[in-house]
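# Reading the structure
Chain residues, written in single-letter form:
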2 protein chains.
Amino acid sequence: MTSHENDAADTGVLGPRDRPAFAHIEAARDRIRPFVHRTPVLTCRTLDRLSGVRLFLKAENFQRVGAFKFRGATNAVRGLSEEEARRGVATHSSGNHAQALALAAQERGIQAHIVMPSNAPAAKRAAVEGYGGRITPCEADLASREAALARVIAATGAVPIHPFDDGRVIAGQGTAALELLEDVPDLDAVIAPVGGGGLLSGTAIACHGVRRSVRVFGAEPELADDAFRSLREGRRLGPRPPLTVADGLRTALSDLTFAILREEAEGIGLAAETEILEAMRLLWERAKIIVEPSGAVPLAVVLGGRLDLAGRKVGLILSGGNVDLCRNPQCNFWR
Amino acid sequence: MTSHENDAADTGVLGPRDRPAFAHIEAARDRIRPFVHRTPVLTCRTLDRLSGVRLFLKAENFQRVGAFKFRGATNAVRGLSEEEARRGVATHSSGNHAQALALAAQERGIQAHIVMPSNAPAAKRAAVEGYGGRITPCEADLASREAALARVIAATGAVPIHPFDDGRVIAGQGTAALELLEDVPDLDAVIAPVGGGGLLSGTAIACHGVRRSVRVFGAEPELADDAFRSLREGRRLGPRPPLTVADGLRTALSDLTFAILREEAEGIGLAAETEILEAMRLLWERAKIIVEPSGAVPLAVVLGGRLDLAGRKVGLILSGGNVDLCRNPQCNFWR
């Protein structure tokens, strides 16, 4: 690796394969502060009453590009050396990471190359292009995506920035929990959704760096319970069929995130699909905020009562708010 | 009138028929502070870009009971003398004022009597009863409502608290704009929705009390343009048929609010129904907050470009967020 700008001198350079330390998350917070929103922490009496838990909602649905992903992408892009940055960055994604990386690159004045399946919704393609991202279309299967990404990197020299299997990204994602504990220092527990595990890994390192006694849980759909089973069985399992409505959580852990979560996560709470949709509806109707299905899974887990948190002060990372409302004029989404 | 608790000594007692002065709004702010949320002021780059205006959104959708109405109800209830309070309060409403008055009364430990048409949605009845309100059913027409309210008052001695034709309520509603200008002192203009005119009257008095040069506009659906026409013609006109989707704005001005707005409001911007729905959709999709149709009318007016505000700093009062999402399982309100 070449040298990285802006890294805290006492922290050491964090490479994509490295496990971040708490100091890397603190360094990430300072590095990305000029570029990200410090999102608010919301409370809602109705949700407290329904859950029997004192909830503190870290509203990453209000983050730029509508999701926490902008934190990790910005940390990775801003940590590149000048030489690396000139080559641009690349990833394959059709989700929030694609938009996040495109905007983070645009704001540093470098090129982002986004490999995206040709069946991705036009709105998502337009959003990436709106942030100056250059799209390389590919087939929808993982092998095609990875082959296309390899070709882009070979042709351009761009630096790959994986959506979660990257220490620099994980460190950036951990800054949401760091801010949450700055605002509410006496939390008993923090719950974050888990898909690939980048957010939950960063959350756990951040929380335990602040105070070892903070309990950290993941929240996962029953239909995508690979993290739950991986941690229970002690070996990393592959993804489940992409059936859950929580489309941000269909991916499986990587070796890096699995290794972090084995040590840092107390457990994973599961939620049924109907519970996820009901939690999302409550956030919309009662907390008056738009949260995407993936971001509602922590609340679904709390309401399901499977974790022993009654009466505790619990932080939930509401990971994002990117939904496309139905545009059919016959569809009244409210009455 | 009997003496009122807590009124600022230099302000004088404000009765229901009195026009509030700026000092009454300041007194209301101090009186209701322990009971209401100080709602945040949100910004959204996308909305700024789309409108060409620097927008500051006063998020009264996050207010208790989901709307600014709790401010006016709380100010009225908390300003009652002990003797008045013992008799309870009464109103006729099937909307946000009913819930607001019920909760404000419950928190002072007194009874609220709510006259409500028997065809009101069960959810609204349940909400009022959940706050301890006692419901008197009536027919849906205005004459039946007023007759039922008169009977309740005769039987109980309860103090009537009108949703907008009441100086104490108007003073309470003005506290939202007062907070907005405390947070963003250099606003060029403030826009509030106008139905009965209580919110807009309080907003205008508050803004001009802070700085006379703040421009104050109302925002009204084209299908409910009685305030627009009343101010243009210089005489108070009655309500239009209740056709607009912005169901909070179907009422007409009272003599009191008309008199205030003739002097204090620079003008009324109109919005078509499709503009209101598009503004609401933008608030949901881009600002990630749930705002009811009435609360989206100010943004619709700005986006319509009918007011000359390009490049200005403009505050919008997002008046409420009470929507009942469709519960038909076939209705996917997002895709």
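In this numbering scheme, every chain counts its residues from 1 along its sequence in written order. Written order determines the labels here, with chains lettered from A and ligands numbered from 1. Where local features are concerned, this predicted model is filtered to residues with pLDDT of at least 70; where side-chain atom pairs are given and counted, the filter is 80 or more; whole-chain, interface and lining totals use all residues.

## Re the overall build of chain A
The helix count covers DSSP runs of H or I at least four residues long, the strand count covers runs of E at least two residues long, and both are numbered beginning at the N terminus. The number of helices and strands found in chain A is 13 helices and ten strands. For 335 residues, the compact-globule formula gives about 20 Å, and the C-alpha radius of gyration of chain A, at 19 Å, lands near that figure. For chain A, the spread of C-alpha atoms along the three principal axes comes to 55 × 55 × 40 Å. At a minimum sequence separation of 6, the contacts of chain A that also span at least 24 residues come to 72%. With C-alpha atoms as the basis for the radius of gyration, the globule rule is written as 2.2 Å multiplied by the number of residues raised to the power 0.38. Here contacts are defined at the residue level, using C-beta atoms placed from the backbone and a cut-off of 7 Å between them.

## Observations concerning the environment of Ala126(A)
Assignment of secondary structure puts Ala126(A) in helix H6 (residues 122–130). C-alpha of Ala126(A) to C-alpha of Gln99(A): the two residues are 27 residues apart in sequence and 9.7 Å apart in space.

## As for the sheet that holds strand E7 (residues 189–193) of chain A
Residues and elements named next belong to chain A. Two strands pair under a simple rule: DSSP has to find at least two bridges between them. Taken together, the six strands give an open sheet; going across it, the order is E1-E2-E10-E7-E8-E9, and neighbouring strands pair in mixed fashion. Of all strands in the sheet, those with a lone pairing partner are strand E1 (41–42) and strand E9 (267–271), marking the two edges. Looking at chain direction, strand E8 (residues 215–221) and E9 are connected through five bridges and run parallel. Within E9, the position partnered with Phe217 by the bridge is Gly267.

## What to know about the domain arrangement of chain A
All names here are of chain A. As used throughout, domain bounds are those supplied by an automatic or database domain assignment. Partitioning chain A into domains gives domain 1 (22–68 + 166–318) and domain 2 (70–160). Counting from both sides, the interface comprises 22 residues of domain 1 and, opposite them, 15 residues of domain 2. Among the elements that make up the side of domain 1 that touches domain 2, the one with the highest residue count is helix H8 (residues 167–183) (eight residues). Considered class by class, the residues forming the side of domain 1 that touches domain 2 number eleven nonpolar, seven polar and four charged. Lys, Arg, Asp and Glu make up the charged group, whereas Ala, Val, Leu, Ile, Met, Phe, Trp, Tyr, Cys and Pro make up the nonpolar group; the residues left over, Gly among them, are polar.

## Examining the pairing of strand E4 (residues 112–117) of chain A
Residue and element names in this part refer to chain A. Here the C-beta atoms are placed from the backbone, and a residue counts as buried if at least 20 other C-beta atoms lie within 10 Å of its own, exposed if 12 or fewer do, and partly exposed otherwise. In terms of burial, E4 is a largely internal element, five of the six residues being buried. Inspection of the sheet shows strand E3 (residues 89–92) paired to E4 by four bridges, in the parallel sense. Residue pairing in the sheet places Val89 in a bridge with Ala112 of E4. With its strands directed away from the observer, a crossover is right-handed exactly when the path from the first strand over the helix to the second travels clockwise. Note on the crossover from E3 through helix H5 (residues 96–108) to E4: the handedness is right-handed. Alignment of E4 against strand E5 (residues 134–138), held across five bridges, turns out to be parallel. Counterpart to Ile114 in the pairing with E5 is Ile135. For the segment spanning E4, H6 and E5, crossover handedness is right-handed.

## Comments concerning the sheet that holds strand E5 (residues 134–138) of chain B
Strands in a sheet are paired, the pairing made by backbone hydrogen bonds, and the direction either parallel or antiparallel. The strand order E5-E4-E3-E6 (chain B) describes an open sheet built from four strands, whose pairing is parallel. Every other strand in the sheet has two partners, leaving E5 and strand E6 (159–160) of chain B as the edge strands with one partner each.

## A few points about unusual backbone geometry
For Lys288(A), which is not a glycine, the phi torsion comes out positive at approximately 65 degrees. Assignment of secondary structure puts Lys288(A) in the loop between helix H12 (273–285) and helix H13 (293–304).

## A closer look at the environment of Gly79(B)
Residues and elements named next belong to chain B. Along the chain, Gly79 turns up in the loop between helix H3 (69–78) and helix H4 (82–87). Its 24 C-beta neighbours within 10 Å are what place Gly79 among the buried residues. Spatially, the C-alpha atom of Gly79 lies 36 Å from that of Val302, the residues being 223 residues apart in sequence.

## Describing helix H1 (residues 22–32) of chain B
Listing the buried residues of H1(B) in full gives His24(B), Ile25(B), Ala27(B), Ala28(B), Arg29(B), Arg31(B) and Ile32(B). Against H3, helix H8 (167–173), helix H9 (175–183) and helix H10 (198–210) of chain B lie the buried residues of H1(B).

## Focus: the environment of Pro121(B)
Counting through the fold element by element, Pro121(B) comes out in the loop between strand E4 (112–117) and helix H6 (122–130). Once the C-alpha coordinates of Pro121(B) and Leu325(B) are considered, the two residues, 204 residues apart in sequence, prove to be 13 Å apart.

## With respect to the packing of helix H13 (residues 273–285) of chain B against helix H14 (residues 293–304) of chain B
Residue and element names in this part refer to chain B. Lines fitted to C-alpha atoms define the axes, with helix axes restricted to the stretch in contact, and inter-axis angles between N-to-C directions lie between 0 and 180 degrees. At their nearest, the axes of H13 and H14 sit 7 Å apart, and the two run at 105 degrees to each other. On the basis of their axis angle, the class for H13 and H14 is roughly perpendicular. Contacts between H13 and H14 involve Glu275, Ile276, Ala279, Met280, Leu282 and Leu283 on the former and, on the latter, Pro293, Ala296, Val297, Leu299, Ala300, Leu303 and Gly304. Among the residues making up the contact of H13 with H14, the classes are represented as eleven nonpolar, one polar and one charged. These descriptions rest on fixed angle ranges, namely under 35 degrees for roughly parallel, over 145 for roughly antiparallel, 65 to 115 for roughly perpendicular, and the rest for oblique.

## Side note on the pairing of strand E2 (residues 54–59) of chain B
All names here are of chain B. Extensive coverage of E2 is indicated by the burial of five of its six residues. Here E2 runs beside strand E10 (residues 313–318); their pairing, made up of six bridges, is parallel. Paired with Phe56 across the strands is Gly315, a residue of E10.

## Here we look at helix H9 (residues 198–210) of chain A
Every helix has an expected span of 1.5 Å times one less than the residues it contains. Helix length check: H9(A), at 13 residues, gives a terminal C-alpha distance of 18 Å against a target of 18 Å (1.5 Å per residue), a fit within 8%. Buried residues dominate H9(A), accounting for twelve of its 13 residues.

## Here we look at the confidence of the model for chain A
pLDDT is defined as a per-residue confidence score from the predictor, taking values between 0 and 100. Chain-level statistics for chain A give a pLDDT mean of 92 and a share of 94% at 70 or above. Confidence metrics for the complex model read pTM 0.91 and ipTM 0.89.

## Overview of the nonpolar core
Note on definitions: a nonpolar core is a set of buried residues drawn from Ala, Val, Leu, Ile, Met, Phe, Trp, Tyr and Cys, linked by C-beta atoms within 7 Å. Within the largest apolar cluster, 221 residues are counted, with the highest numbers of intra-cluster contacts made by Leu101(A) and Leu101(B). No other element matches the eight residues that H8(A) contributes to this core.

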